[in-house]
Amino acid sequence: MFRSRSWFGGGWGRPKNLHSLEHLKYLYNVLSRNQTVSEHNRSLLVESLRSIAEILIWGDQNDSSVFDFFLEKNMLSFFLRIMRQRSGGSSFVCVQLLQTLNILFENIRNETSLYYLLSNNHVNSIIVHKFDFSDEEVMAYYISFLKTLSLKLNAHTIHFFYNEHTNDFPLYTEAIKFFNHPESMVRIAVRTLTLNVYKVEDTSMLAFIRDRTAAPYFSNIVWFIGKHIQELDTCVRNDADHQSQNRLSDLVAEHLDHLHYLNDILCLNITDLNHVLTDHLLHKLLIPLYIYSLSSNRRRMSNNDLVAQSLSKVSLTPKTSQNSSPKMHDVTNGKVSCVVALFLLSQVFLILSHSPLVQTLAWIILKTDKTVFENGVDKLHDFFEYEKQRERQSSEEEASGSVSSEKDKDSSCSKENLLYEQANINITDEEKQRLVDPMEGMGSVKNHPFLETVYEALDCTENDYAALFGLSLLYAMSSNRGVTSDITEQVLRPKKSFISKSSTTSKDVKYTYNTFLVEKMLQIIIFSCQPSCRVRLVTLELALKLFIQLTVCDGKTVLSESHRHTIETARVQSMALLRNFYKSEEIFLDMFEHEYCDMLKGSLNVEWLCMDSAILLPPTGTPMTGIDFTKRLPCGEVERARRAIRVYFLVRNLVLTLNGEVETQLPLTNPQSCVQIDQALDLNNSDLIACTVVYKDGTKMRRFLVIDILQLILVEPDTKRLGWGVSKLVGFLQDIEVAGDKDDSRCLHITIHRPISGASTNRVPLLNAKFVFDDNIRCMAAKQRLTKGRIKARQKKMQHIARLLEIPGQSGPPSPAFAGQGGPYTRSSVRPTRVENRALFNINRGPGFAAPRRDSSPGVIHRADESIRRHRDGESPSRGANLKIENGRRDARSRDNSSSRVRSREGSPRMPRPRSEEIPLELIKKAPHSIIDMAPKITIIPRPQTPRVISSETEPSTSNEHPKEVIKTEISVSEETSFIAEENGEDDENL
Amino acid sequence: MVEPIFDYQFRLILIGDSTVGKSSLLKYFTDGKFAEVSDPTVGVDFFARLIEVKDGTRIKLQLWDTAGQERFRSITKSYYRNSVGALLVYDICNRTSFDNIPLWMSEAKRHIEPHRPVFCLVGCKLDLVNNGGKREVSKEEAKAFADQHSLFHVETSAKNGLNVEEAFRCVTQEVFNRIQSGEYKVEDGWDGIKTGFSRPSGLNFNLVEAEPAKLSCC
Ligand SMILES: Nc1nc2c(ncn2[C@@H]2O[C@H](COP(=O)(O)OP(=O)(O)OP(=O)(O)O)[C@@H](O)[C@H]2O)c(=O)[nH]1
Ligand SMILES: [Mg+2]
């Protein structure tokens, strides 16, 4: 704010205390000795002026004698005298002067001081002073001075600025001269100032604004907006290659600024002003340029085009700016491309809600028919007025009981009024008739040229470039607060009518909706579910949002059977689409969960969408443009999978919404069924492995390791109850990485990554520590259990996905096989993938991925014990406290023996068979509604354990040989079948 | 530059309808000049002058000129509070301006509260009457009104300076008398009366003077 000129320039006789009356007196002397500005004294003057502001503000709060001195010496007159001098580099001094005044007005709190400064037109003479505005700095300080003054405006102070006798309002009239200044900071200041002015409740001032300035000011604004969007249009036309994204985004931001400014004015609700502004906007911008650009489609009759062109030309040239405007018409004939027009109109409907304006616009777009259209732009609005008039009349007639013979079906039905249901029967039937027949529907569309263009835009056969804007416009119109339901009903919202059966007096509620548009939506939805289609996710999501608005009324879906059927088809197709990507790779599961979290972050915000200039350019597939994934086409196999996942979720969501159901199957991990930190767990009878966790910083902690179905839990014995433990750390098994230690066979390095969640982007692992076990046997046991736990956790989720996707082989052993990633043995033991396996993703493919699973390979079966019981259930430990933890240890030890044997086979080309099956994975009793069926209570019957290693590879992975009833059992068996069991004998102890 | 030495500073306010001659009165009082053309005051204006009361005590007068126009009424209100005296100004040749005096007075009383200001009813443009203009407010009527409300009354002319000094002097003297009598005292946070500075002995004298008054109130 302050120029960095030295405070301490020295000087004789200067008082030490800078904030004092004495110092002000000193500065007064300086000013009175230097009344003429020259090269020699200007720095001194600048510094004095700055100091004066400082002292006055200090005095304002601390010492009234300071301002008294300023008054008595009439120091303000010195300021004015300095300002009026043209000599000696005055702009240098003027900048400081403006800055000083700005600081003064901004900070003076004392009312009487402020009013004194504002009195006697001193400020007005500063405002009208001809500063050198070519000096950027002068301009900047001048405009911020004006803005500061505008902040002081209220019903009292307005009289200092607006003189009703002379009809003079320099603050306002001088400021609006800069409304289109190239510097955006200046433009913003002008806008703030005008809003501050309009806010002042002073009738005569507002009358002045309306009568003397509104028309020229608003028509100038409107003209400049028009010019602006021409530039925007040119930018879009000439930039198919996404080369000038920055420029485009500036232009879009500018348009948004304009709209927000206009909305700010309209929201002040100053009737007269709004009237003038609405008028200008409609007749000089929105109708001739925005709406008429919708008529520029190829099939339009040429004479219409001419009418539109000539009209928009006329209206777009404000009288005041004729000289500077002709260029734009030469270039573009006063029209913008349909895509740009749809985009801009969407913005209009998303931002402006002034009813007289949006209502008219919506009416014109939705209801204008050909005959009116051919009469030209002025007639358009007249016709709207006429319609309104007629509507009013006819409802009056209705009220008086006479049924109008030429009743218009769109305008006359009083939906709520049951008295006149007789009149409504005909209308409803008529309407129904019309709507039942889609061709007729189309016929009526044909009569609405603007609506037809919007509908045509929805066609996604080639791409969804225009469709996105068509959708956003329709959505924006239907959700605009200022557009009343009588306009959107039937077109954008279901229409509700009451029918009385002729025989009885009972009434039925009849819902009708825009069949034609709903079918358009269904087309987009079905299209999106096809492989390699060109519909972006954002388009689909928007179509779904609009679909809901079109068909949900009073909280229920009013969809016809055949349309419901189409939705079902879409659901099946979205599943089929995703099935193509259902893969054994870990990345699929990760992606699936990630996309779900991403979806949960919130549904599409259409207003934000329409702020993004990137969508104005033709859809692209390359992520290198920096365009959001949902706003472009997928690139490569992984993104196609991502897209398929999203499409599946979106369609699934739609089906749920339409059926009024809530999601019960997703997310894959039900947070309710997970163990939380500090939860007390009954560990009697569960397997525990004692260990010391050594963190990177050297801290050590003694813990017991428990492996649940989905989670790894580190517990500390509960001091209050024997056999119970308190969870101190939980992590998902699917996110762990385990590695042995090459120097210490008792050690494992465990990393638990954070789960993919929508909420956090924290990629720092949850835990990254060394686990030291009592001996290498326990260490091996732990490693096996973790490795296996990870695989199993992932398998369970994959099976769940398979069930969701209704993958046929589901009831049999699940098709994809997993191998743990990262562990040294799994890596060394990768086998050739099966022929049946689908193509793998091209990226992220590497050793360790997708080890095949043999569907019938022997698993060692364990009893799924409910050894851990939740404290949460509220039950007190019923069993006598015993040494369960000790037992756990013993168990672990006994199994560790087998682990060590496995270890000794490391490096064998055969799949090692870690005897994890001997270390039963603890199954924690889950709530019955657990999302993933953990089959905790099923006692699994051992199957013949024939090691069919090679031959099994030819067996189809998705075989469907098992009857449904045994699904659970099969799953449980297969969980244990990644490794081949050899030592059958040892398995028995787990049964 | 030497600051004028004074013992007290009083703040006075001039109120009355537009065009009655407030600004002209002040201009003559502070500058000794008269201007035929005087623009209506926009908001407020400020003047200052040193004056001596009978015992030779030097008083600095801070004078707030206010706009008589209705549209500035809410602005000028803020200036009452810190005033110890008010000049109720009317135009001898303008009946309405006199009729509005009670309104101005009650407005001033209301805003100066809890302080009781010294009022002086000032009739302006006396020279016009002497030059054949039509008097609309008789001297007797104004005097009667002034007596009824215990106000001073003077008829002045800013054009020839008649009684201008007198109008301010009577208010100043009365304020000073009320200080002497202990009715008025210097108060923190009120700028109606302030003690002066610059004369060492006077400063002491003033402090001694002011002390008893303060004590009596507590
Ligand atoms: N002849 C004559 N004219 C006077 C006298 N005093 C004021 N005027 C004239 O009356 C007109 C108004 O005087 P101002 O002093 O501006 O009146 P005001 O009371 O300050 O008016 P506001 O500022 O609007 O409240 C001016 O044209 C003065 O020249 C006077 O004593 N004699
Ligand atoms: Mg005046």
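Residues numbered from 1 in each chain as written. Chains lettered and ligands numbered in written order. Predicted model: local features only at pLDDT ≥ 70, side-chain atom pairs only at ≥ 80, totals over all residues. Heavy atoms only, no water.

As recorded in an unreviewed UniProt entry, chain B goes by the name Ras-related protein Rab-39B, listed as coming from Psylliodes chrysocephalus. Under the Sequence similarities (unreviewed entry) heading, UniProt states for chain B: "Belongs to the small GTPase superfamily. Rab family." (UniProt positions renumbered as here; feature names shortened; annotations may be inferred.)

As recorded in an unreviewed UniProt entry, chain A goes by Protein CLEC16A homolog and comes from Psylliodes chrysocephalus. According to the UniProt record, the Sequence similarities (unreviewed entry) comment for chain A is "Belongs to the CLEC16A/gop-1 family."

Student: Could you clarify how one ought to interpret the overall build of chain A in this entry?
Tutor: Across its full length, chain A holds 36 helices and 13 strands. Contacts spanning at least 24 positions in sequence make up 75% of the contacts within chain A whose residues lie at least 6 apart. Looking at chain A as shown, the accessible area adds up to about 40,900 Å², and 51% of this sits on carbon and sulfur atoms. (Helix = DSSP H or I, 4+ residues; strand = E, 2+ residues; numbered from the N terminus. Contact = heavy atoms within 4.5 Å. Areas by Shrake-Rupley, 256 points an atom, 1.4 Å probe, with all protein chains shown as cover.)

Student: Just checking my understanding: could you explain the site of ligand 1 for this structure?
Tutor: Residue and element names in this part refer to chain B. Looking at ligand 1, there are 24 residues lining it, with Ser18, Lys22, Ser24, Ser38 and Gly68 nearest. Measuring from an oxygen atom of ligand 1, one finds a backbone N or O atom of threonine 19 at 2.8 Å. Within the side chain of threonine 41, an N or O atom sits 2.7 Å from an oxygen atom of ligand 1. For ligand 1, the protein covers 91% of the area, taking 640 Å² as the surface of the free molecule. (Near = heavy atom within 4 Å. Polar contact = N/O pair within 3.5 Å; in protein donor to acceptor, adjacent residues only side chain to side chain.)

Student: Could you clarify how one ought to interpret the coordination of the magnesium ion (ligand 2) in this entry?
Tutor: The expected angle between donors at a tetrahedral four-coordinate metal is 109.5 degrees. At an octahedral six-coordinate metal it is 90 or 180 degrees. All names here are of chain B. Taken together, the protein donors to the magnesium ion (ligand 2) comprise Ser23 (OG) and Thr41 (OG1), at separations of 1.9 Å. One end of the pair, serine 23, is in helix H1 (residues 22-31); the other, threonine 41, is in the loop between H1 and strand E2 (44-52), with 18 residues separating them in the sequence. Using a relative accessible area of 18% as the deciding quantity, one classes serine 23 as buried. (Donors = N, O, S within 2.8 Å, 3.2 Å for Na, K, Ca; no water. Buried < 20%, exposed > 50% of the residue type's maximum accessible area, 1.4 Å probe, protein only.)

Student: In this structure, what is going on with the nonpolar core? I would like to understand it.
Tutor: Burial of nonpolar side chains together is a common tendency in soluble globular proteins. Judged by nonpolar contacts, the single largest core of 256 residues is most densely connected at A:Phe79, A:Phe169, A:Tyr198 and A:Phe592. Per-element accounting of this core gives the leading share, 16 residues, to helix H12 (residues 203-237) of chain A. The contact partners of A:Phe169, leaving out residues within four places of it in the chain, are A:Ile158, A:Phe161, A:Tyr162, A:Val197, A:Met205, A:Phe208 and A:Ile209. Within the second largest apolar cluster, 34 residues are counted, among which are B:Leu12, B:Leu14, B:Cys170 and B:Phe176. (Core = buried A, V, L, I, M, F, W, Y, C linked by side-chain atoms within 4.5 Å.)

Student: Can you help me understand the pairing of strand E5 (residues 118-124) of chain B in this one?
Tutor: Two faces make up the sheet, and in a regular strand the side chains alternate between them. All names here are of chain B. Of all the 7 residues making up E5, 7 are buried; the element is thus mostly covered by neighbouring parts of the structure. In E5, alternate side chains face the same way, and those of Val118, Cys120, Val122 and Cys124 on one face and Phe119, Leu121 and Gly123 on the other are all buried. Examined bridge by bridge, strand E4 (residues 85-91) and E5 share 7 bridges and lie parallel to one another. Counterpart to valine 89 in the pairing with E5 is valine 122. Both E5 and strand E6 (residues 152-155) contribute to a ladder of 4 bridges, which runs parallel. Bridge pairing in E6 places leucine 121 opposite histidine 153. (Pairing = 2+ DSSP bridges.)

Student: I would appreciate a short explanation of the interface of chain A and chain B in the present structure.
Tutor: The extent of an interface is frequently quoted as the accessible surface area lost upon association of the parts. Each partner contributes residues to the interface: chain A has 25 residues there, and chain B has 24 residues. Of the roughly 2,000 Å² buried where chain A meets chain B, counting both sides, 54% is carbon and sulfur surface. The tally of links from chain A across to chain B stands at 3 salt bridges. Between B:Lys60 and A:Glu72 there is a salt bridge, with its nearest N and O atoms 2.7 Å apart. Along the contact surface separating chain A from chain B lie 16 residue pairs in polar contact (both at pLDDT 80 or more). Only helix H1 (21-33), helix H3 (64-72), helix H6 (111-118) and helix H9 (158-161) of chain A provide two or more residues apiece to the side of chain A that touches chain B. If one sorts the elements of the side of chain A that touches chain B by residue count, H3(A) sits on top with 6 residues. The class makeup of the residues in the side of chain A that touches chain B is 7 nonpolar, 12 polar and 6 charged. (Buried area = accessible area lost by both parts, 1.4 Å probe. Salt bridge = Lys/Arg side-chain N within 4 Å of Asp/Glu carboxyl O. Nonpolar A, V, L, I, M, F, W, Y, C, P; charged D, E, K, R; others polar.)

Student: Sorry if this is basic, but what is going on with the packing of helix H17 (residues 338-351) of chain A against helix H24 (residues 465-479) of chain A here?
Tutor: Between two packed helices, the angle of one axis relative to the other and the distance separating the axes together describe the packing. All names here are of chain A. The geometry of H17 relative to H24 is characterised by a closest axis approach of 8 Å and an angle of 25° between their N-to-C directions. Between H17 and H24, the angle is such that the two are roughly parallel. Crossing handedness for the pair H17 and H24: left-handed. Residues Val339, Leu342, Phe343, Leu345, Ser346, Phe349 and Leu350 of H17 form the contact with H24, whose own contacting residues are Tyr465, Ala466, Phe469, Gly470, Ser472, Leu473, Ala476 and Met477. (Axes fitted to C-alpha atoms, helices over the stretch in contact; angles between N-to-C directions. Parallel < 35°, antiparallel > 145°, perpendicular 65-115°, else oblique. Left-handed = near helix turned anticlockwise from the far one by under 90°.)

Student: How do you make sense of the environment of A:Leu604 when you look at a structure like this?
Tutor: Relative to the helices and strands, A:Leu604 is located in the loop between helix H29 (586-600) and helix H30 (606-609). The spacing of A:Leu604 and A:Glu541 is 63 residues in sequence and 7.0 Å in space, taken between C-alpha atoms.

Student: Just checking my understanding: could you explain the environment of B:Gln180 for this structure?
Tutor: Mapped onto the secondary structure, B:Gln180 falls in helix H7 (residues 164-180). Separated by 100 residues in sequence, B:Gln180 and B:Tyr80 place their C-alpha atoms 23 Å apart.

Student: How do you make sense of the confidence of the model for chain A when you look at a structure like this?
Tutor: The predicted coordinates should not be examined in detail at positions where pLDDT is low. Of the residues in chain A, 66% have a pLDDT of 70 or more, and the chain-wide mean is 70. Confidence drops under a pLDDT of 50 for residues 397-443 of chain A, and excluding neighbours within four residues, the segment shows 53 contacts in the predicted structure. (pLDDT = per-residue confidence, 0-100.)

Student: Is there a simple way to explain unusual backbone geometry in this structure?
Tutor: Across residues other than glycine, the phi torsion is negative in most instances, and most of the peptide bonds are trans. Residues and elements named next belong to chain B. Geometrically, the link from glutamate 113 to proline 114 is a cis peptide bond, its omega value of 5° lying close to zero. Here proline 114 shows up in the loop between helix H4 (101-112) and E5. Phi is positive for lysine 125, close to 65°, though the residue is something other than glycine. Of note, lysine 125 is situated in the loop between E5 and helix H5 (126-130). Positive phi, close to 60°, is recorded for asparagine 163, a residue that is not glycine.

Student: Got a minute to help me understand the confidence of the model for chain B in this structure?
Tutor: Considering every residue of chain B, the mean pLDDT works out to 86; 88% of them sit at 70 or more. Predicted confidence for residues 199-218 of chain B stays below pLDDT 50, and this span has 16 contacts to residues more than four positions away or in other chains.

Student: Teacher, can you tell me more about the packing of H24(A) against helix H27 (residues 537-551) of chain A here?
Tutor: All names here are of chain A. At their nearest, the axes of H24 and H27 sit 9 Å apart, and the two run at 35° to each other. For the element pair H24 and H27, the recorded crossing hand is left-handed. Contacts from Ala467, Leu468, Leu471, Ser472, Leu474, Tyr475, Ser478 and Ser479 in H24 reach Val538, Thr539, Leu542, Ala543, Lys545, Leu546 and Gln549 in H27. Here the contact of H24 with H27 is built from residues that sort into 9 nonpolar, 5 polar and 1 charged.

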